[in-house]
Amino acid sequence: MRSEDVLAWGKTQNPCPASPRSVFAIGEHCPNLNRELAMNYMAVVSLVPCSFGGKRQVTGVWWCGSERRSYLFWFGDGWSENVWFAFVRE
């Protein structure tokens, strides 16, 4: 799945992409989210684009086993089934 496809789906459901700050809050307040969802590896991504060095990127938090980190992902990359996207309702 591509970022554009996820954003198009979001428009049909009426939520907005969550801010990077909201995604970081998920990582902070849910440090064991991957275990609670029975997933060894997973990521939660904000599709609000940001630019570093002229490249379009998005922020996210990922979990792998007991490890948790924040990360910059490329907006144009395809996404696997281990990636969750954060949306909020206005």
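Residues numbered from 1 in each chain as written. Predicted model: local features only at pLDDT ≥ 70, side-chain atom pairs only at ≥ 80, totals over all residues. Heavy atoms only, no water.

Chemist: How should the environment of Ser51 be read in this particular structure?
Modeler: Along the chain, Ser51 falls in strand S3 (residues 50–52). By relative accessible area, Ser51 is classed as exposed at 53%. In sequence terms Ser51 and Phe75 are 24 residues apart; their C-alpha atoms lie 9.8 Å from each other. (Helix = DSSP H or I, 4+ residues; strand = E, 2+ residues; numbered from the N terminus. Buried < 20%, exposed > 50% of the residue type's maximum accessible area, 1.4 Å probe, protein only.)

Chemist: What's the story with the packing of aromatic side chains in this structure? I'm lost.
Modeler: Tallying each qualifying case throughout the model produces five aromatic pairs. A centroid spacing of 5.5 Å and a plane angle of 65° characterise the contact between Phe73 and Trp79, whose relative ring orientation is edge-to-face. Exposure class is identical for Phe73 and Trp79. Each is buried. An aromatic cluster is present here, built from Tyr71, Phe73, Trp79 and Phe85 joined pairwise through their rings. Geometry around Phe75 places Arg56 over its ring, the cationic atom sitting 3.8 Å from the centre. (Phe/Tyr/Trp six-rings, centres within 6.5 Å; stacked < 30°, edge-to-face > 60°. Lys NZ or Arg CZ within 6 Å of the ring centre and 35° of its normal.)

Chemist: Before we go on, may I ask you to explain the environment of Met39 in this structure?
Modeler: With respect to the element layout, Met39 can be found in the loop between helix H3 (33–36) and strand S2 (41–45). Note: C-alpha distance between Met39 and Cys64 (25 residues apart in sequence) is 8.6 Å.

Chemist: Could you clarify how one ought to interpret the pattern of salt bridges in this entry?
Modeler: A side chain of one charge can pair with a side chain of the opposite charge if their charged atoms are brought near each other. Counted according to the given criterion, the structure contains three salt bridges. Arg2 is the partner of Glu4 in a salt bridge, and the nearest nitrogen-oxygen pair spans 4.0 Å. Arg69 is paired through a salt bridge with Glu67; the nearest N and O atoms lie 2.6 Å apart. Judged by its relative accessible area of 48%, Arg69 falls in the partly exposed class. With relative accessibility at 33%, the residue Glu67 sits in the partly exposed group. Each of Arg2, Glu4 and Asp5 takes part in one network of salt bridges that share partners. (Salt bridge = Lys/Arg side-chain N within 4 Å of Asp/Glu carboxyl O.)

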